[in-house]
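Breakdown of the fold
Below, each chain spelled out in residue letters.
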Amino acid sequence: MLRHFVQILDFSKEELLRMMELTALLKRADKDGACPRLLSGASLGMIFEEPSTRTRVSFEVAMTKLGGHALYLRPGEIHLGARESIADTARVVSRMVDVIEARTLKHQTVLDLAKYATVPIINGLTDFNHPTQVLCDVFTMTEHAPKGKKLEDFHLVFVGDATNVCVSLMFICARLGISFTQAAPAKYQVSEAHRAMVKDACAQSGAKMNFTEDPAAAVAGADFVYTDLWWWVGQESEIPERSAAFMPKFQVNAALMAKTPADARFMHCLPASRGVEVTDEVMDGPQSIILDQSENRLHTEKALLVWFVYPSLKRPSEALLARHRGLVEDFLTDFF
Ligand code: CP
């Protein structure tokens, strides 16, 4: 059955753990300069309705390292939803590439692509969620696990707005059994509708979800403190209201980090607004693991591409390759 990577909760705990094991294997291979060319000859279509540094670079480099090829497809340069329906774009591009990554303004666009595509769709961020980011984040957390703690003992404290990344972190924590706390003004906490989506996952995994307006108390028990932008493109008119709600109480600064356990780590999906939701001293300080997190996007994308593409990729024998080459060469010799 064709599966897509659109939502973390579509995957079991075991599947997510296996994806992270694959990430570790591919990271180790890469560090030895020996990334296996598992996707030789394969193509990735990358649709970006919004700008991106990490997602674009990581997917394109991942595909190259695996022996494949990536195409950067921007609206205005392809007919996505403008002169051609999303369904037709999905059907047509599927006939030419092996997998599609899509960053779209509306989550519905990714759902529509997944409905009509005949190759896997990987969600590269929508207004609802960012599953590739949070798989990478939990992998990064395992690399920086506090001494003696296993995944299910982690406590992730997200300080800030209920962004798509925050919601996705809640999803993956719920699935994997990681305790999750969001500290934010009540108005900016994860909606009841999104909280309801993790009820079953929490019951299964034992994950605890907390929502509070007290960041200082929340980070006192944190293994990982995470934040994200307080506003995004299109929310500029809300900047005064959002600034007033978050600043200074919810800024991740040295004073707030001083309240964490000594081995707690600081995370940010980036891009960051330095001096707004987080200060330079935290971003560049000893507790920060933001650059490991960014690098791990590359290793996670490699794992996701292999996971979704390798099983269906045809791997012809040398004999079959030679046969087809011979047929074409005979034709060319006869013709020319
Ligand atoms: N974190 C993240 O998705 O970064 P980009 O917007 O640069 O891709």
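Higher on the page you've got the structure.
Residue numbers here run from 1 along each chain, matching the order of that chain's written sequence. Reporting of local features is limited, given that this is a predicted model, to residues whose pLDDT is at least 70; pairs of side-chain atoms are given and counted only at 80 or more, and all residues count toward the totals for whole chains, interfaces and linings. Working from all heavy atoms in the structure, the side-chain values ignore hydrogens and water.

1. As for the overall build of the protein chain
The helix and strand labels rest on DSSP assignments: H or I over at least four residues marks a helix, E over at least two residues marks a strand, and numbering proceeds from the N terminus. The number of helices and strands found in the protein chain is 14 helices and nine strands. A radius of gyration in this sense is built from C-alpha atoms; the matching globule rule multiplies 2.2 Å by the number of residues raised to 0.38. Computed over its C-alpha atoms, the radius of gyration of the protein chain comes to 22 Å, within 12% of the 20 Å expected for a compact globule of 336 residues. Taken over the C-alpha atoms alone, the protein chain extends approximately 80 × 45 × 40 Å along its principal axes. The buried share of the protein chain, reckoned over its 336 residues, is 52%. Counting contacts in the protein chain only where the partners sit at least 6 residues apart, residues at least 24 apart contribute 76% of the total. Surface exposure here means Shrake-Rupley accessible area, sampled with a 1.4 Å probe, where a residue is shielded only by the protein chains that are shown. On the protein chain, roughly 15,600 Å² of surface is accessible, and the fraction owed to carbon and sulfur atoms is 55%. Here the protein chain contributes 36 positive and 42 negative side-chain charges, whose respective centroids are spaced 3 Å apart. Three exposure classes are used, based on accessible area relative to the maximum for each residue type with a 1.4 Å probe and protein chains only: buried under 20%, partly exposed in between, and exposed over 50%. Residue contacts are defined here by distance: any two heavy atoms, one from each residue, within 4.5 Å place the two residues in contact. This count recognises Lys and Arg as positive and Asp and Glu as negative, with His and chain-terminal groups excluded. To locate a charge, take NZ of a lysine, CZ of an arginine, CG of an aspartate or CD of a glutamate.

2. Details of the sheet that holds strand β7 (residues 209–212)
When DSSP locates at least two bridges between a pair of strands, those strands are taken to pair. As summarised here, the arrangement of the five strands in space is β7-β6-β5-β8-β9, forming an open sheet in which the pairing is parallel. Each edge of the open sheet is held by one strand with a lone partner, namely β7 and β9 (265–268). Within this sheet the neighbouring strands show an average axis-to-axis angle of 20°, counted without direction. Bridge count for strand β5 (residues 155–159) against strand β8 (residues 224–227) is three bridges, and the pairing is parallel. Opposite Leu156, over in β8, you have Phe224 as the bridge partner. Axes, fitted as lines to C-alpha atoms, cover a helix only where it is in contact. Angles between the N-to-C directions of the axes lie from 0 to 180 degrees. Along the sheet face, helix α6 (residues 164–176) touches β5, β6 (179–183), β7 and β8 and points at about 155° away from the line of β6.

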